[in-house]
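Structural characterization, general
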Amino acid sequence: MKATNIKIEHLNNPIGIDIKKPLITWVCEGGESQTAYEIKAFSEGIEIWNSGRQSSDSMQVRFLGELSSRQRVELEIVLYDEKGAAGDVSKAFFEMGLLDSNKDWLAKWINPETENLLEVNKRPASYLKKSFNISEFNKARLYITAHGLYTAFINGQKVSDQVLAPGTSEYSMRLEYQTIDVTGLVHEGDNEMCVILGDGWYRGKSGMNNTEGNLYGSDISLLAQLEADGKCICITDETWQASQMGPIRANGLDFGERVDARIGDGSFASKDYHPVKIENFGYDNLVCSNNVPIREKENFKGKLITTPKGEKVIDFGQNIAGYTSFKCVAGAGAKIRLIHGETLDKDGNFTIDNFQHESMDPAKMVYQETEYICKEGENVYKPLFAIFGFQYMLVESDIPVEDIDFTAIAVYSDMEVTGTFECGNSDVNQLFKNSIWSMKGNFADIPTDCPTRERQGWTGDAAAFAPTGVYLMDCYPVLRKWLNEVRCEQMPDGRIPGVAPKSEFPGKFKLLSDGSAGWADAIGIVPSTLASVYNCTDILDENYEAFKKWVDFTADRATKSRLKAKFKSDKHKKYIVDTGFHWGEWLEPGVDSKAALTEALMKGAPEVPTAYYAYSSTLLGKAAQKLGKKDDASYYSELAENVKEAYRAYFVKKGKIVSDRQASYVRPIALDVISQEEKKEAAATLNQMVIDNGYHLNTGFLSTPYLCHVLTEYGYVDTAYKLLLQDTAPSWLYAVQKGATTIWETWDGKREDGSVHDSLNHYSYGAISGWLFKDVAGINLEYGKIIIEPHPDKSIGYAAATYNSPLGMIKSSWKAEDDGYSYEIEIPVNTTATVKLPGQEEKTLTAGRYCFKN
């Protein structure tokens, strides 16, 4: 038996973390069960920690040694199998960042601009350089970050394959720096470091709302410290030189780049260098990212088409977030203009109108454009400081389009795909693929709503999708990082923002809308999801106080009633939330969302916020129990029961819910705010409503993720499948029928007449893949316990899913036979699974492969 898939703080061999008691996890390979483990830790060849042989089947342990800045720790893990035999040694490592900012940082913040350039989308990139000399050394590390985005080079070689560094965050409180192993790039003697800086999230425009940019500052600055064997050999200081006369003449994340390759050497500035300016920004907000980097991933070669208008358009076949690269041979001055869009319009022509602000205000426009002026000879280009959402690219060029070699490059956080699903229906298979691609397209350092129009870290989207996303991709580090930003943005009164990190200056509407039920509850839903699936309570602990403040704020808000109820004598009133702004169910088919929002603001709509008040109180009580906070566990569990009682008193009449909206039945069942008998009654009514609606859904943003699960849980499996397989709008497969390769924001993003509206890459409705995974194939993971409970149906013939889980590979499949169903299940080493098959007694299985039939 040996340890595989070893991770430190959910990362593979991380360099530059600042978690002083990191969690070590692994998966067992070989044998049947682990009876003990032993871990030794070495630093510079000296043993610094030894767990000793621990009799345990746990596949995680906290590192308990003392750690210091820059320290590299080599781990050796030995596992003992069911016979007590020791297996092969498995190795891993981690390296600490700079743990004492005010002592470890010697570099100075440098600003390359003689005066800050203020006009967004018109600022050139800055080019900085510094020569240095080094004698004999063993290892070299670069610690680097920026206000804006940086791309760094040593001796002409890019220092890492990370892009869009240092990423996005609430910069005033958390500015992440990267630790990069540059040993292979530095050599004895003379060397040169060069850095290009762009606007990025820090001072650029991203999305339609922050039209003026300069959200976190108007400067663009660099902090870099190159060390050899722990000693500084090159730091940012007043000896650096900078120029704005390089090829990138303008840049913006969604704007794109304006490039003149005739300037400089085509890649870097070669003249007009001047001294840099020293800035006193300090180091207090510097943190390690403890996250996976954003990287270039899949590449796509496109197909050239000519539209009815005569436009030359490249169809890359997949809607992605990323950018395009190209190669060509051209004469100096030849121009190439590229515009990136998600779709063609109803007439088959190129468009970017679908993801623009409804006002079509030029200041709010998302251009997604590259303008490139060629140098003489070979030209090779890809953006450094932009990222687009697109499948199609309009090409306007002075040279034949056929002579340009284009490649579309997907760009997202480097998360492993952990979940697969396949069945006998090709449209359903495409739907699952679309869910994964929308996740890829919206996880660039943080989870965002879409990669085009808004690009914001909406809390509601993450809350709706996280219970699915954790099975599809290994997203723990990205969601942990995003939760850090959410906590930074929490208001003093406990309200959780709708968006984190902030992406616009707070106006009246933003201040009004923060604290919306279902959105703000992400501060409890997302950590609870991560803790359950990864069997790790750290995330609960990190977010506990913020979660508690949010629930306490909601409790206080519930005591404030609208005028019509203020003097009503009612023991339940203090648990009903009927004040404040709430998005509500949002985007329900057949409902004017803006009109519904206005009515709720004017008259109140307490059902949704009261349900989430009960749900969050329940989750908080459970989190407190997991963390050993017994008094809190008792208090919030009792609070949850009181809110549930109030909910039933207000919204359930004589055991029944009265509503013509499916969401009104899904929500109280899914959030467990009504009794079991009431759930059965509500589920029966819901089932009939779906049937009467022609097997179409009419749920919106909050309840759609739970719809099929609720039907399945209460025995209406046939209805759930027919709902899944519906291919006319509103339905999941309507988009597939229309050629979608990602999940759309709305159910009819492309109407029957071919007109297109809204974002075509919004991941939240992809939560249906959670039902495919957890209910159809039946794979569930809860605090280290595997539950296999498939729900087969002949309508899709077969289903097969795999999950490369924190416990190892889990597989579950079933196939419809003439006389019933056959099942195949695989349980990983050192685990047990509870298996519940239709018509059979519950089983407990140990590691191995199993076949069943009924």
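Structure: see above.
What comes next concerns the included structure. (Residues numbered from 1 in each chain as written. Predicted model: local features only at pLDDT ≥ 70, side-chain atom pairs only at ≥ 80, totals over all residues. Heavy atoms only, no water.)

Some remarks on the packing of helix H3 (residues 426-442) against helix H18 (residues 768-776)
Viewed as axis vectors pointing N to C, H3 and H18 meet at an angle of 115 degrees, and their least axial separation amounts to 9 Å. Handedness of the crossing formed by H3 with H18: left-handed. Side by side, H3 and H18 meet where Val428, Leu431, Phe432 and Ser435 of the first sit next to Ile768, Ser769, Leu772 and Phe773 of the second. (Axes fitted to C-alpha atoms, helices over the stretch in contact; angles between N-to-C directions. Helix = DSSP H or I, 4+ residues; strand = E, 2+ residues; numbered from the N terminus. Left-handed = near helix turned anticlockwise from the far one by under 90°. Contact = heavy atoms within 4.5 Å.)

A few points about the nonpolar core
If you look at the biggest cluster of nonpolar residues, it comprises 229 residues, and the most contacted ones within it are Trp26, Phe406 and Phe421. In this view, Phe421 contacts Val428, Asn429, Phe432, Leu772, Val776, Ala777, Ala799, Ala800 and Ala801; residues no more than four positions away in its chain are not counted. In terms of nonpolar packing, the next biggest core, distinct from the first, is built from 29 residues, Leu128, Ile154, Ala165 and Ala228 among them. (Core = buried A, V, L, I, M, F, W, Y, C linked by side-chain atoms within 4.5 Å. Buried < 20%, exposed > 50% of the residue type's maximum accessible area, 1.4 Å probe, protein only.)

Considerations on the environment of Asp405
Checked against the element boundaries, Asp405 lands in strand E34 (residues 405-413). By relative accessible area, which is 38% here, Asp405 ends up partly exposed. The spatial distance from the C-alpha of Asp405 to the C-alpha of Val329 is 9.9 Å, given a sequence separation of 76 residues. Ignoring anything within four residues of it in the chain, the contact list for Asp405 reads Lys301, Ser325, Phe326 and Lys327.

Side note on the packing of helix H8 (residues 538-558) against helix H11 (residues 607-626)
If you want to describe how two helices pack, look at the angle between their axes and the distance between the axes. Two numbers describe how H8 lies on H11: the axes approach to 10 Å, and their chain directions differ by 145 degrees. As H8 packs across H11, the resulting crossing turns out to be left-handed. Of the residues in H11, those in contact with Leu540, Tyr544, Phe547, Lys548, Trp550, Val551, Thr554, Ala555 and Ala558 of H8 are Tyr613, Ser616, Ser617, Leu619, Leu620, Ala623, Ala624 and Lys626.

Concerning the packing of aromatic side chains
Evaluation of the coordinates by the stated rule reveals 43 aromatic pairs. Ring centres 6.3 Å apart and planes at 10 degrees place the aromatic pair Trp105 and Tyr283 in the stacked group. With Trp105 in the loop between helix H1 (101-104) and strand E10 (109-111) and Tyr283 in the loop between strand E23 (277-279) and strand E24 (286-288), this residue pair connects regions lying 178 residues apart in the sequence. With relative accessibility at 2%, the residue Trp105 sits in the buried group. Given a relative accessible area of 17%, Tyr283 falls into the buried group. Each ring, one from Trp109 and one from Phe281, has its centre 5.7 Å from the other, and the planes form 85 degrees; the classification is edge-to-face. Placement of Trp109 in strand E10 and of Phe281 in the loop between E23 and E24 is noted, with a sequence separation of 172 residues between them. (Phe/Tyr/Trp six-rings, centres within 6.5 Å; stacked < 30°, edge-to-face > 60°.)

Side note on the sheet that holds strand E1 (residues 2-8)
Paired through backbone hydrogen bonds, the strands of a sheet run either parallel or antiparallel to each other. Reading across the sheet, the three strands line up as E1-E3-E7 and stay open at both edges, with antiparallel pairing between neighbours. Each edge of the open sheet is held by one strand with a lone partner, namely E1 and strand E7 (60-62). The mean inter-strand angle of the sheet, taken between neighbouring strand axes irrespective of direction, is 25 degrees. (Pairing = 2+ DSSP bridges.)

What about the environment of Pro447?
Mapped onto the fold, Pro447 is located in strand E37 (residues 446-447). Residue Pro447 is classed as buried on the basis of its relative accessible area of 0%. If near-sequence neighbours (up to four positions away) are discounted, Pro447 is found in contact with Asn442, Gln456, Gly457, Trp458, Ala462, Val478, Leu479, Trp482 and Tyr763.

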